[in-house]
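Each chain is listed here by its residues.
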Amino acid sequence: AVLWLTGVETRREVLVICVFHAVGLALELFKIRMGSWSYPEPALTKVAGVPLFSGFMYAAVGSYICAAWRHLHLRLVNYRAVLTALAAAAVYLNFFTHHWLPDLRLLAAAGLIAATWRTWVHYTVGGTEYRMPLALSFGLIGLFLWIAENTATFLGAWRYPDQLDVWRMVHLSKLTSWTLLVSVSFVLAAAIRRSWTPGGAPGPHTVQDRRTAAAHWTRG
């Protein structure tokens, strides 16, 4: 509410943040029950063993993507919205089902790469436009989230089972998990932005054109 009232986030961006908060909180509630990790310290804001700030950690990822979209004037080329959304849904579902069924993480990752194959994200820094493969951007965001997670567990925000006695570096498999989970946040943000060009159709070319397009989608 504060972010919206102060103009830091638009209503559409707050919607993404709230939805991803719910998505993340649902995952946390499930993982706690399955013993994947724990929040051992007492807290006033715990719900079924999960402090509410954990949901905001996931929401922060959505907030970052929304902010990057606006400030870096992101646009997508060859973005296949439906296919990418289906791949992201499969990724999210696997976080639940792998406790009973075979872990299809690698298959889900392959599906995500296939869905985003030849999809480029263009971004502008200092008046110059750059681009990178969309899948690579997922990996880079996931890397920094993994670094942040190492910092948070070292400071005792939460602990994995192998960190209860002594802190250890978060397993590299979590880097993969974050990279895959970023795709879910991205799909939600893309759904409200729509500043993407399917099939290689031309999008806004000049910085001013992209700023005008960004202003159009961030009104309200």
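See the structure above.
Scope of this entry: the structure provided in the associated data block. This structure is a prediction, so every number in the text was calculated from the model and none was measured. (Residues numbered from 1 in each chain as written. Predicted model: local features only at pLDDT ≥ 70, side-chain atom pairs only at ≥ 80, totals over all residues. Heavy atoms only, no water.)

### Overview of the overall build of the chain
1) Next: Regarding its fold elements, the chain presents eight helices and six strands.
2) Next: What you see in the chain, going N to C, is helices and strands ordered as α-α-β-β-α-β-α-α-β-β-α-α-β-α.
3) Next: Looking at the chain as a whole, 43% of its 220 residues qualify as buried.
4) Next: Sequence separation of at least 24 residues holds for 72% of the intrachain contacts in the chain that already meet a minimum separation of 6.
5) Next: Surface accessibility of the chain: about 11,800 Å² in total, with carbon and sulfur atoms responsible for 70%. (Helix = DSSP H or I, 4+ residues; strand = E, 2+ residues; numbered from the N terminus. Buried < 20%, exposed > 50% of the residue type's maximum accessible area, 1.4 Å probe, protein only. Contact = heavy atoms within 4.5 Å. Areas by Shrake-Rupley, 256 points an atom, 1.4 Å probe, with all protein chains shown as cover.)

### Thoughts on the side chain of Gln-163
1) Next: Of note, Gln-163 is situated in the loop between helix H6 (134-154) and helix H7 (173-193).
2) Next: A relative accessible area of 5% means that Gln-163 is categorised as buried.
3) Next: Among the polar contacts listed, one links the side chain of Gln-163 to the backbone oxygen of Arg-168, at a separation of 2.7 Å.
4) Next: Discounting residues that sit within four places of it in the chain, Gln-163 has contacts with Thr-153, Trp-158, Arg-168, Met-169 and Val-170. (Polar contact = N/O pair within 3.5 Å; in protein donor to acceptor, adjacent residues only side chain to side chain.)

### Some points on the packing of aromatic side chains
1) Next: Taken as a whole and judged by the stated rule, the model has nine aromatic pairs.
2) Next: Residues Phe-20 and Tyr-58 carry aromatic rings whose centres are separated by 6.4 Å and whose planes lie at 65° to one another, so their mutual orientation is edge-to-face. Of this pair, Phe-20 sits in helix H2 (residues 11-33) while Tyr-58 sits in helix H3 (residues 53-71), placing them 38 residues apart in sequence.
3) Next: Given the relative accessible area of 2%, Phe-20 is considered buried.
4) Next: With 5.2 Å between their ring centres and 75° between their planes, Tyr-92 and Phe-96 make a pair best called edge-to-face. Here Tyr-92 pairs with Phe-96, and both are found in helix H4 (residues 81-97), just four residues apart, close to one helical turn. For the pair formed by Tyr-92 and Phe-96, the shared burial category is buried.
5) Next: Within the aromatic cluster, the residues linked to one another by ring pairs are Trp-69, Tyr-79, Phe-138 and Phe-186.
6) Next: Positioned over the ring face of Trp-120 is Arg-131, at 3.7 Å from the centre of the ring. (Phe/Tyr/Trp six-rings, centres within 6.5 Å; stacked < 30°, edge-to-face > 60°. Lys NZ or Arg CZ within 6 Å of the ring centre and 35° of its normal.)

### Looking at unusual backbone geometry
1) Next: Notably, Ala-48 is not glycine yet its phi reads approximately 55°, a positive angle.
2) Next: Position of Ala-48 relative to the elements: it lies in the loop between strand E1 (46-47) and strand E2 (50-51).
3) Next: Owing to a relative accessible area of 53%, Ala-48 belongs among the exposed residues under this scheme.
4) Next: Unusually for a residue other than glycine, Asn-78 sits at a positive phi of about 65°.
5) Next: Structurally, Asn-78 is set in the loop between strand E3 (75-77) and H4.

### So, the pairing of strand E4 (residues 120-125)
1) Next: Where E3 meets E4, three bridges bridge the pair, whose relative direction is antiparallel. In the strand pairing of E4, Val-77 is matched with Trp-120.
2) Next: With antiparallel pairing between neighbouring strands as the criterion, E4 and strand E5 (residues 128-133) make up a hairpin whose turn holds two residues, including Gly-126 at a positive phi of roughly 60°. (Pairing = 2+ DSSP bridges.)

### Quick notes on the pairing of E5
1) Next: For E4 and E5, the ladder comprises six bridges, and the chain directions are antiparallel. Counterpart to Thr-124 in the pairing with E5 is Glu-129.

### Quick look at H3
1) Next: Under the 1.5 Å per step criterion, the end-to-end length of H3 is 26 Å for 19 residues, consistent within 8% with the ideal 27 Å.
2) Next: Count one or two residues on from H3 and you reach His-73, which has phi positive near 55°. (Expected span 1.5 Å × (residues − 1).)

### Considerations on the nonpolar core
It is characteristic of soluble globular proteins that their nonpolar side chains tend to be buried jointly.
1) Next: Counting 50 residues, the largest nonpolar core has Trp-69, Leu-181 and Phe-186 as its most contacted members.
2) Next: Those elements giving two or more residues to this core turn out to be H2, H3, H4, helix H5 (105-115), E4, H6 and H7.
3) Next: With 10 residues, H7 is the single largest residue contributor to this core. (Core = buried A, V, L, I, M, F, W, Y, C linked by side-chain atoms within 4.5 Å.)

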